Amino acid sequence: IDNISVTLDTLTTVVEEQGIGAINIQNPVRGLMEVYHKRPISLQLYDMSGREVLSDQLSGNRSIIDVNHLNAGIYLAVFSNERGDRHAEKVVVQH
């Protein structure tokens, strides 16, 4: 992890992965997950039992993903690009 900054009760994780580019996620997530990214990527979100609960293609520089339908808890977000480069990040969903 290149940089972590804390603001109030929100943790912002900035990750620069080779091939993936910079990914910035607000954690914990309350209702809407904001992801800032430099290039198009795909997102798969898994619960702690390993079940995929969300899959989405993210384009542009900012994506907002609705997670209101998910139970509060810890999830694994896996980001990947068209070349198959991957990065995994823990996401905490709160309501």
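Note that this is a predicted model, so its numbers are computed, not measured.

1. Quick notes on the overall build of the protein
Okay, so step 1: What the protein contains, in helices and strands, is 0 helices and 10 strands.
Okay, so step 2: In the protein, the order of α-helices and β-strands from amino to carboxyl end is β-β-β-β-β-β-β-β-β-β.
Okay, so step 3: When each of the 95 residues of the protein is scored for burial, the buried share is 43%.
Okay, so step 4: Carbon together with sulfur atoms contributes 48% to the accessible area of the protein, which is approximately 5500 Å² in total.

2. Section: the pattern of salt bridges
Okay, so step 1: All chains considered together, the criterion is met by 3 salt bridges.
Okay, so step 2: In this structure, R62 engages E34 in a salt bridge whose closest nitrogen and oxygen atoms are separated by 2.8 Å. A residue pair is termed long-range when its members are at least 10 positions apart, and R62 in strand 8 (residues 62-66) and E34 in strand 5 (residues 32-37) qualify at 28 residues.
Okay, so step 3: On the accessibility criterion, R62 (46% relative accessible area) is partly exposed.
Okay, so step 4: The salt bridge involving D85 is made with R83; its shortest N-O contact spans 2.6 Å.
Okay, so step 5: Residue D85 is classed as partly exposed on the basis of its relative accessible area, which comes to 22%.

3. Examining the side chain of H37
Okay, so step 1: Checked against the element boundaries, H37 lands in strand 5.
Okay, so step 2: A relative accessible area of 4% places H37 in the buried class.
Okay, so step 3: Of note is the side chain of H37, whose polar atom sits 3.2 Å from the backbone oxygen of R39.
Okay, so step 4: From its side chain, H37 meets the backbone oxygen of G60 in a polar contact 3.2 Å long.

4. Examining the pairing of strand 6 (residues 41-46)
Okay, so step 1: Along strand 6, 5 of the 6 residues are buried, which leaves the element largely enclosed by surrounding structure.
Okay, so step 2: Where strand 6 lies against strand 7 (residues 52-58), 6 bridges are found, and the strand directions are antiparallel. Paired with L43 across the two strands is D56, which belongs to strand 7.
Okay, so step 3: With 5 bridges joining them, strand 6 and strand 9 (residues 73-80) adopt antiparallel strand pairing. Its bridge partner being in strand 9, Y46 is matched across the sheet by L76.

5. As for the pairing of strand 8
Okay, so step 1: Going residue by residue along strand 8, you find S63 and I65 tucked away on one face and R62, I64 and D66 left uncovered on the opposite face.
Okay, so step 2: Sheet analysis places strand 5 next to strand 8, joined by 5 bridges and oriented antiparallel. Across the sheet, the residue bridging to V35 is S63, located in strand 8.

Calculation rules
Residues numbered from 1 in each chain as written. Predicted model: local features only at pLDDT ≥ 70, side-chain atom pairs only at ≥ 80, totals over all residues. Heavy atoms only, no water. Helix = DSSP H or I, 4+ residues; strand = E, 2+ residues; numbered from the N terminus. Buried < 20%, exposed > 50% of the residue type's maximum accessible area, 1.4 Å probe, protein only. Areas by Shrake-Rupley, 256 points an atom, 1.4 Å probe, with all protein chains shown as cover. Salt bridge = Lys/Arg side-chain N within 4 Å of Asp/Glu carboxyl O. Polar contact = N/O pair within 3.5 Å; in protein donor to acceptor, adjacent residues only side chain to side chain. Pairing = 2+ DSSP bridges.

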